[in-house]
Amino acid sequence: MAIWKEIMSGSIREAGDIAQAFGLTRAQASAVISRYPALVNPYFRRLAEEAGDPLLLQVRPDPSEISPLNDSLPEDPIGEESFSPVPNLTHRYPDRVLFLVSDRCAVTCRFCTRKRKVGRGLRVTPQTIREGLRYIAGDGRIRDVLLSGGDPLMLVDDSIEDILSRLRGMDHVEILRVGTRIPAVLPQRVTPELAAALSRQRPLYVHVHFNHPAEITPEAVLACDLLADAGIPMSSQTVLLAGVNDDPDLLESLFRKLVALRVRPYYLFQVDVVRGTEHFRTPLRRGLQIMEELHRRTSPMALPYFAVDLPMAGGKVFPALHHVVALGRPDQALIAPDGTTIPYPDPL
Ligand SMILES: *Cc1c(COP(=O)(O)O)cnc(C)c1O
């Protein structure tokens, strides 16, 4: 058996094991995971036990997930279902689609935007894959396909390559993307064979997902090296999480480490307004202040976009603290990195 499958077979998911592993009562564990299932593989479990809260919080079921406070929050705030022409595919932006090709993950992230589905309603079958592919083939506007799930890299190599090569065969599809948390949570899955399979489908980008410097282990470094050496451009979609990484020093260190790993920080996501994840959400001001601070300290090489996926299916936006004073007026000015206001006139 492949090493990564062996590791996965040691995962915990039952209430008793989860309670014991994370210091919950059995009743607490079962109340939470009967609503939102849990799965933690032994690699990430050990790492989390060593690193403490910032990693534990990401995978430990928490009674806050099911507190009544959550009941008023939507399950699908960003409207993935309302823009879904066929099951497991979201066509929200004309030129690109989100295509869920796996219903499994290597760990269940408690802050998951799709926690309404993953481990619950989400079913990927040969039929849903076929329907998705047929939909993409039939819409010439789609030039960019983002595979997600679940985690696409939980599929075996042949299945991944089959889906990718079918997409590659469509003339209008220019780029392929794979969104995955694998390098952070099950880096052993990234084998030379997988890297070669992905590399054959170029141009293909991999969006990895690191939230904390402690996730960058020697194993994770090896996984990223394999992908980068195979010529696969990588970027990270980090989620801003209260109590985990909502700190400019920590994020600066994370983003620098990622750049050194040949991973460009792409997004810093605000947690979506989604039922069951409210305890991870930071005030908008916090994210803006962190970005402002990072702008001052670091090169754009290490600077992601701060991204907010709006409720009511409003789409993604990239708010920035305004650097402009008196926009369009004769006294228009820009705020310099040291905080001074410098007049910046428009052309005469
Ligand atoms: C975020 C997202 C994409 C990809 O968008 P980029 O901003 O180009 O990375 C595609 N479809 C949906 C539904 C999304 O939410």
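Procedures and definitions
- Residues numbered from 1 in each chain as written.
- Predicted model: local features only at pLDDT ≥ 70, side-chain atom pairs only at ≥ 80, totals over all residues.
- Heavy atoms only, no water.
- Pairing = 2+ DSSP bridges.
- Helix = DSSP H or I, 4+ residues; strand = E, 2+ residues; numbered from the N terminus.
- Near = heavy atom within 4 Å.
- Polar contact = N/O pair within 3.5 Å; in protein donor to acceptor, adjacent residues only side chain to side chain.
- Areas by Shrake-Rupley, 256 points an atom, 1.4 Å probe, with all protein chains shown as cover.
- 1 Å grid on protein atoms, 1.4 Å probe; cavity = no way out; pocket = protein on both sides within 12 Å on 5 of 7 lines; lining within 4 Å.
- Sits in = over half its atoms within 2 Å of the grid points.
- Phe/Tyr/Trp six-rings, centres within 6.5 Å; stacked < 30°, edge-to-face > 60°.
- Buried < 20%, exposed > 50% of the residue type's maximum accessible area, 1.4 Å probe, protein only.
- Axes fitted to C-alpha atoms, helices over the stretch in contact; angles between N-to-C directions.

Draft legend 1. Structural context of the sheet that holds strand β11 (residues 333-335). What the 3 strands build is an open sheet, ordered β10-β11-β12; its pairing is antiparallel. Each edge of the sheet is formed by a strand with only one pairing partner; in this case those strands are β10 (324-325) and β12 (341-343). Of the strand pairs in this sheet, β11 and β12 are connected by 3 bridges, and their pairing is antiparallel. Following the sheet pairing, Ile335 is matched in β12 by Thr341.

Draft legend 2. Summary view of the site of the ligand. By nearness alone, every residue bordering the ligand is listed as Thr90, Arg92, Tyr93, Arg96, Leu98, Leu146, Arg177, Tyr266, Tyr267, Asp309 and Lys316. Contacts to the ligand include Arg177, whose side-chain N or O atom sits 2.9 Å from an oxygen atom. One of the side-chain N or O atoms of Tyr266 is found 2.7 Å from an oxygen atom in the ligand. With the chains in place, 90% of the 380 Å² that the ligand exposes on its own is no longer accessible. Judged by its atoms lying within 2 Å of the grid points, the ligand is housed in the largest pocket.

Draft legend 3. Looking closely at the packing of aromatic side chains. Inspection of every chain in the model, using the stated rule, returns 5 aromatic pairs. Both rings, one in Tyr305 and one in Phe318, keep their centres 5.5 Å apart while their planes meet at 55 degrees; by these two values the pair is tilted. Linking Tyr305 in strand β8 (residues 305-310) with Phe318 in the loop between β9 (315-317) and β10, this pair joins segments that are 13 residues apart in sequence. Of the residues examined, Tyr305 reaches a relative accessible area of 52% and is grouped as exposed. Its relative accessible area of 42% is what places Phe318 among the partly exposed residues.

Draft legend 4. Examining the sheet that holds strand β4 (residues 175-179) more closely. Spatially, 9 strands are ordered β1-β2-β3-β4-β5-β6-β7-β8-β9 in an open sheet, and the strand pairing comes out mixed. Of all strands in the sheet, those bounded by a partner on one side alone are β1 (89-93) and β9. Going from strand to strand, the sheet's axes swing by 25 degrees on average, the running direction of each strand aside. The sheet contact formed by β8 and β9 spans 3 bridges and is antiparallel. Counted as the bridge partner of Leu310 is Gly315 from β9.

Draft legend 5. Examining the pairing of β1 more closely. Extensive coverage of β1 is indicated by the burial of 4 of its 5 residues. Alignment of β1 against strand β2 (residues 96-100), held across 3 bridges, turns out to be antiparallel. The partner of Leu89 across the bridge, within β2, is Phe99. Taking the residues that link successive antiparallel strands as the turn, the β1-β2 hairpin has 2 residues.

Remember that the coordinates give geometry; whether it matters functionally is a separate question.
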